[in-house]
Amino acid sequence: MQTGEGGTMNIAVQTQQEITMVELTGRWDSNSASEVENLILPLVQPSSCILLDLSAVTYLSSAGLRSLLLIYRRIRDYACPIVLVGLSESLKDVMSITGFLPHFRVYDTAAEGLAALKAENE
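From a predicted model like this one, the values you see are computed outputs, not experimental measurements.

1. Section: the overall build of the protein
- When helices and strands are counted, the protein shows four helices and six strands.
- Ordering the α and β elements of the protein from the N terminus gives β-β-β-α-β-α-β-α-β-α.
- The globule rule puts the C-alpha radius of gyration for 122 residues at 14 Å, and the 13 Å found for the protein is close to it.
- Along the three orthogonal principal directions, the C-alpha set of the protein runs to about 35 × 30 × 25 Å.
- For the protein, with 122 residues in total, the buried portion stands at 45%.
- Contacts in the protein between residues far apart in sequence, at least 24 positions, make up 65% of those at least 6 positions apart.
- Taking the 8 positively charged and 14 negatively charged side chains of the protein as two groups, their mean positions are separated by 8 Å.

Set out below in structure tokens:
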């Protein structure tokens, strides 16, 4: 497990087979966006899938959305998508209003997201 801790965000990374799970805790804002990018972007590889667990994200600013878009653009050419899990209603609303939601596969729990990614990779 790899972890990072900033002023407003804690990040935990685990890898299971070809799936990299990133759990974000706290505020994804201008103070934490570059830290999130610096940790996640190197994880994006042609053979890897990314699962972002946002269940403990309490706030998503425009800087956080920009980071998410950057991550999405980096991985979209690979076969495996980014899966988002644990979105609160407020995060879903922000992502829906800004047009981000349709670009991601969204599941309620990490277990559901992992199962979907594993089934896709079989």
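And the narrative resumes.
2. Structural notes on helix H2 (residues 62–75)
- For H2, which comprises 14 residues, the first-to-last C-alpha distance of 20 Å matches the rise-based estimate of 20 Å (1.5 Å per residue) to within 8%.
- For H2, every residue scored as buried is listed here: Ala63, Gly64, Leu65, Ser67, Leu68, Ile71, Tyr72 and Ile75.
- Here the buried face of H2 lies against strand E3 (19–28), helix H1 (33–40), strand E4 (49–60), strand E5 (82–85) and helix H3 (89–97).
- By the N-cap criterion, in which a side-chain oxygen at the helix start approaches the backbone nitrogen of a residue two or three places on, H2 is capped by Ser61, the distance to Ala63 being 3.2 Å.

3. Examining the packing of aromatic side chains
- Under the criterion given, the structure shown has one aromatic pair.
- Over the aromatic face of Tyr59 sits the side chain of Arg27, whose NZ or CZ is 4.2 Å from the ring centroid.

Reading the values: rules and limits
Residues numbered from 1 in each chain as written. Predicted model: local features only at pLDDT ≥ 70, side-chain atom pairs only at ≥ 80, totals over all residues. Heavy atoms only, no water. Helix = DSSP H or I, 4+ residues; strand = E, 2+ residues; numbered from the N terminus. Rg over C-alpha atoms; globule rule 2.2 N^0.38 Å. Buried < 20%, exposed > 50% of the residue type's maximum accessible area, 1.4 Å probe, protein only. Contact = heavy atoms within 4.5 Å. Lys, Arg positive; Asp, Glu negative; His and termini not counted. Charge placed at Lys NZ, Arg CZ, Asp CG, Glu CD. Expected span 1.5 Å × (residues − 1). Polar contact = N/O pair within 3.5 Å; in protein donor to acceptor, adjacent residues only side chain to side chain. Phe/Tyr/Trp six-rings, centres within 6.5 Å; stacked < 30°, edge-to-face > 60°. Lys NZ or Arg CZ within 6 Å of the ring centre and 35° of its normal.

Functional significance is not addressed by these values, which are geometric in nature.
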